[in-house]
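# Examining the three-dimensional arrangement
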Amino acid sequence: MNAGKSMKSKTTKIAIIFMVLVVGVVSFYGYLSTKQRQAAADAKMTAAQIALNRDLENDYPPTVRQVVSYFTEIQECFYNEECTESEIEQLGIQARKLYDDDLLEINEVGTYLLQLKAEIEHFKTNKRKITRISLAASNNVETFKEDGFEFARIHCNYYISENGRLGYQDVIYLLRRDENRRWKIYGWDLAPVKETE
């Protein structure tokens, strides 16, 4: 009688272990399948969709370099991608979230979007393309205080092709830290476009 109970007990344990293994394998397969579907969905997203997917309220870039890096990512969408008019407007609104209040004040949204679309059209009509963007390293960011505000400067080189010729534009971005300690683009200074050898 004890042998029968012992046999039933072993059989029950084996059945439970088997069930746990089956559930584990099925769960793991489901997990991998979900990850693959998500990776495939991400791969299908355009550069504009990826740039627009960033939630700046909860995931604002924490450093001067990261703010400008994200801004240049948006610019590459403007000038290198085939964006819809709606995407251009959404990207423009997203870019404005990186602007300092003083810069926003002198760039009313309607006028800004009209000028932006005209610039993009002019850029593409002249068969220009941003081939590379080289942003200064974080340790090359110059910070200073003025009128009670914290400011930062960072250099950025844009390499631009036009009709088979390659040139570059040196841009110096000026950022100001706001009351939430977020770095915002205060303005930029454009040096003349230079041709590379």
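Here is a short report on the structure shown in this document. Remember, it's a predicted structure, so these values are computed and weren't measured experimentally.

Criteria and cut-off values
Residues numbered from 1 in each chain as written. Predicted model: local features only at pLDDT ≥ 70, side-chain atom pairs only at ≥ 80, totals over all residues. Heavy atoms only, no water. Core = buried A, V, L, I, M, F, W, Y, C linked by side-chain atoms within 4.5 Å. Buried < 20%, exposed > 50% of the residue type's maximum accessible area, 1.4 Å probe, protein only. Helix = DSSP H or I, 4+ residues; strand = E, 2+ residues; numbered from the N terminus. Salt bridge = Lys/Arg side-chain N within 4 Å of Asp/Glu carboxyl O. Expected span 1.5 Å × (residues − 1). Arc of directions from axis to C-beta. Polar contact = N/O pair within 3.5 Å; in protein donor to acceptor, adjacent residues only side chain to side chain. Pairing = 2+ DSSP bridges. Axes fitted to C-alpha atoms, helices over the stretch in contact; angles between N-to-C directions. Parallel < 35°, antiparallel > 145°, perpendicular 65-115°, else oblique. Left-handed = near helix turned anticlockwise from the far one by under 90°. Contact = heavy atoms within 4.5 Å. Nonpolar A, V, L, I, M, F, W, Y, C, P; charged D, E, K, R; others polar. Phe/Tyr/Trp six-rings, centres within 6.5 Å; stacked < 30°, edge-to-face > 60°. Disulfide = S-S within 2.5 Å.

Let's shift gears to the nonpolar core. Counting 38 residues, the largest nonpolar core has L98, Y173, L175 and I185 as the members making the most contacts within it. Listing elements by their share of this core, those giving two or more residues are α2 (47–52), α3 (64–80), α4 (85–96), α6 (109–125), β1 (128–135), β3 (149–162), β4 (165–177) and β5 (183–190).

The subject of this paragraph is the pattern of salt bridges. As enumerated under the stated definition, the model contains nine salt bridges in all. Where R176 meets D100, a salt bridge forms, and the shortest distance between an N and an O atom there is 2.8 Å. Here the residue R176 occupies a position in strand β4, and D100 occupies one in the loop between α4 and α5 (101–105), the gap between them amounting to 76 residues. As far as burial versus exposure is concerned, R176 and D100 are alike and both buried.

Between its first and last C-alpha atoms α6 spans 24 Å; for 17 residues at 1.5 Å apiece the expected length is 24 Å, and the two agree. Restricting attention to buried positions, one finds in α6 the residues Y112, L113, L116, I120 and F123. Along the axis of α6, the buried residues cluster in a sector spanning 95°; they form a single face. Away from its buried face by more than 90 degrees, α6 exposes L114, E121 and T125. For α6, the capping residue at the N-terminal end is E108, with a side-chain oxygen 3.0 Å from the backbone nitrogen of G110. Phi turns positive one or two residues past the end of α6, at K127, with a value near 55°.

Two strands pair when backbone bridges link them, and β4 and β5 are joined in this way by seven bridges, in the antiparallel orientation. Residue pairing in the sheet places R177 in a bridge with W183 of β5.

At a closest axis distance of 10 Å, the pairing of α4 and α6 adopts a crossing angle of 120°. Classified by the interaxial angle, the pair formed by α4 and α6 is oblique. You can see that α4 and α6 cross each other, and the crossing is right-handed. Contacts between α4 and α6 involve E85, I88, E89, G92, I93, A95 and R96 from the first element and V109, Y112, L113, L116, K117 and I120 from the second. Tallied by class, residues from the contact of α4 with α6 come to eight nonpolar, one polar and four charged.

What follows concerns the packing of aromatic side chains. Tallied over the full model, the rule gives twelve aromatic pairs. Ring centres of F71 and Y173 lie 5.8 Å apart, and the angle between their planes is 80°; on these two criteria the pair is classed as edge-to-face. Here F71, found in helix α3, pairs with Y173, found in strand β4; they are 102 residues apart in sequence, far enough to count as distant. On the basis of relative accessible area, F71 is assigned to the buried category, the value being 3%.

Okay, the state of the cysteines next. Enumeration according to the criterion identifies zero disulfides in this entry. We note that C77 lacks a disulfide partner, and the nearest cysteine sulfur, in C83, lies 5.6 Å from it. Judged by its relative accessible area of 17%, C83 is buried.

Note on placement: Y99 falls in the loop between α4 and α5. Overall, Y99 belongs to the buried group, its relative accessible area being 5%. When the C-alpha atoms of Y99 and W183 are compared, they prove to be 8.8 Å apart, with 84 residues separating the residues in sequence. Here Y99 is in contact with F71, L104, Y112, K184, I185 and W188, once residues within four sequence places are set aside.

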